[in-house]
Amino acid sequence: MNKIKSILTLLVLTMAFFACGRDVNIESISPEEQAIIDNDSLVKFLRNNYFDTSINFINTLVEGETSLFDDSNLKTIDIRYRNVDYKMYAYINNEGSGINNPTIADSVLVNRFTLFIGDSVTIASADIKNEPTWIDPFNLDSSKIEAEGWIRGITMFKEGIQNTSTETINDGPVSFSGEGNGILFIPSGLGYGTDGFSNVNIESIPSNANLVYFFNLFKVNSGTDHDN
């Protein structure tokens with residue numbers, strides 16, 4: 001009888017243990033904590049890489065080169081969004097030779113390379129847009145383009161200068177020179193956050209991934225921001 005009682009007691013305790021395990025609410029990381037994690041990851045990445053002018057791309061830091069973090073072209077942008085303080089970074093390879101800086105409400109003509117940081121050291125390609133595309137900040141949510149990081153970062157640059165020629169006058173191809181060119185390093189909280197992003201046409205971006213954007217800013221539709 002005592003043996004049976006012992007077995008029953010053990011069974012009850014085991015069931016209680018697993019029942020409690022199912023009821024335990026594992027506290028998720030708060031946005032504030034994730035912002036700190038993201039910045040630590042971004043700083044580590046920036047310290048371990050440099051801008052290689054021979055290929056106009058990011059490369060692993062080697063002796064004799066200046067890390068992105070210590071490069072004078074890198075600017076820090078402090079953003080408070082939904083009561084959380086974020087840091088994002090803009091690498092200004094070319095500020096742009098045109099007149100207009102976009103505001104956060106202006107449509108912009110850009111081409112972009114969308115990437116994300118995989119392990120604080122390397123980057124993975126997600127999407128490459130070789131053709132110039134108009135991006136309207138008011139349609140960012142519907143087109144699944146992260147809003148806050150992009151619209152804040154792009155304001156650091158100027159548009160290019162539209163080249164005038166017979167072709168452009170006659171509705172032919174339009175070309176630009178001296179366009180704004182750079183890289184945005186965006187924390188996940190200003191990007192796709194915990195949801196990440198998945199699309200059959202591009203590589204999936206995991207949750208809490210810091211984003212990297214290479215882009216050229218060709219033109220600003222400065223009439224978009226009607227109320228400034």
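Here goes a summary of the coordinates provided. Keep in mind the model is a prediction, meaning the values are calculated, not measured. (Residues numbered from 1 in each chain as written. Predicted model: local features only at pLDDT ≥ 70, side-chain atom pairs only at ≥ 80, totals over all residues. Heavy atoms only, no water.)

**Section: empty space enclosed by the protein**
So, step 1. Overall, the coordinates contain 1 cavity of 30 Å³ or more when judged by the stated rule.
So, step 2. In this structure, the largest cavity encloses a volume near 40 Å³.
So, step 3. Every residue lining the largest cavity is listed: Thr 103, Ile 104, Asp 106, Val 108, Ile 135, Pro 137, Trp 150, Ile 151 and Ile 154. (1 Å grid on protein atoms, 1.4 Å probe; cavity = no way out; pocket = protein on both sides within 12 Å on 5 of 7 lines; lining within 4 Å. Points joined across faces, edges and corners; volume = space filled by probe spheres on them.)

**A closer look at the pattern of salt bridges**
Any two side chains of opposite charge can pair, given that their charged atoms come close.
So, step 1. Applying the stated criterion across every chain yields a total of 2 salt bridges.
So, step 2. Close ionic contact of Lys 87 with Asp 78 constitutes a salt bridge, the shortest N to O distance being 2.7 Å.
So, step 3. When its relative accessible area of 36% is taken as the criterion, Lys 87 is described as partly exposed.
So, step 4. Since its relative accessible area comes to 57%, Asp 78 is described here as exposed. (Salt bridge = Lys/Arg side-chain N within 4 Å of Asp/Glu carboxyl O. Buried < 20%, exposed > 50% of the residue type's maximum accessible area, 1.4 Å probe, protein only.)

**Some details on the pairing of strand E13 (residues 211-221)**
So, step 1. Taking burial as the measure, the 11 residues of E13 include 9 buried ones, the bulk of the element.
So, step 2. Pairing between strand E5 (residues 107-117) and E13: 10 bridges, direction antiparallel. Residue pairing across strands places Leu 109 opposite Lys 219, the latter belonging to E13.
So, step 3. Note that strand E10 (residues 180-186) and E13 share 7 bridges and pair antiparallel. By the bridge assignment, Ile 183 is partnered in E13 with Phe 214. (Helix = DSSP H or I, 4+ residues; strand = E, 2+ residues; numbered from the N terminus. Pairing = 2+ DSSP bridges.)

**Comments concerning unusual backbone geometry**
So, step 1. The phi dihedral of Asn 83 falls on the positive side, at around 65 degrees, and the residue is not glycine.
So, step 2. Along the chain, Asn 83 turns up in the loop between strand E3 (74-81) and strand E4 (84-94).
So, step 3. Classification of Asn 83 as exposed rests on a relative accessible area of 61%.
So, step 4. We note that Asn 208 has phi near 55 degrees; this positive angle belongs to a residue other than glycine.
So, step 5. One can find Asn 208 in the loop between strand E12 (202-205) and E13.
So, step 6. With relative accessibility at 29%, the residue Asn 208 sits in the partly exposed group.

**Focus on the side chain of Asp 106**
So, step 1. As for its placement among the helices and strands, Asp 106 is situated in the loop between E4 and E5.
So, step 2. We note that Asp 106 is buried and unpaired, the nearest opposite charge coming from Lys 219 at a distance of 12 Å.
So, step 3. Of the polar contacts made by the side chain of Asp 106, one reaches the backbone nitrogen of Thr 103; its length is 2.9 Å. (Lys, Arg positive; Asp, Glu negative; His and termini not counted. Polar contact = N/O pair within 3.5 Å; in protein donor to acceptor, adjacent residues only side chain to side chain.)

**So, the environment of Asn 39**
So, step 1. Tracing the backbone through its elements, the reader meets Asn 39 in helix H2 (residues 31-47).
So, step 2. Residue classification places Asn 39 among the buried positions, given a relative accessible area of 17%.
So, step 3. Between the C-alpha atoms of Asn 39 and Asn 210, which are 171 residues apart in sequence, the distance is 9.0 Å.
So, step 4. Not counting the four nearest positions on each side in its chain, Asn 39 is found in contact with Lys 87 and Tyr 89.
So, step 5. Within the local environment of Asn 39, its side chain forms a polar contact with the side chain of Tyr 89, the two groups lying 2.7 Å apart. (Contact = heavy atoms within 4.5 Å.)

Honestly, it's all geometry; don't read function into it.
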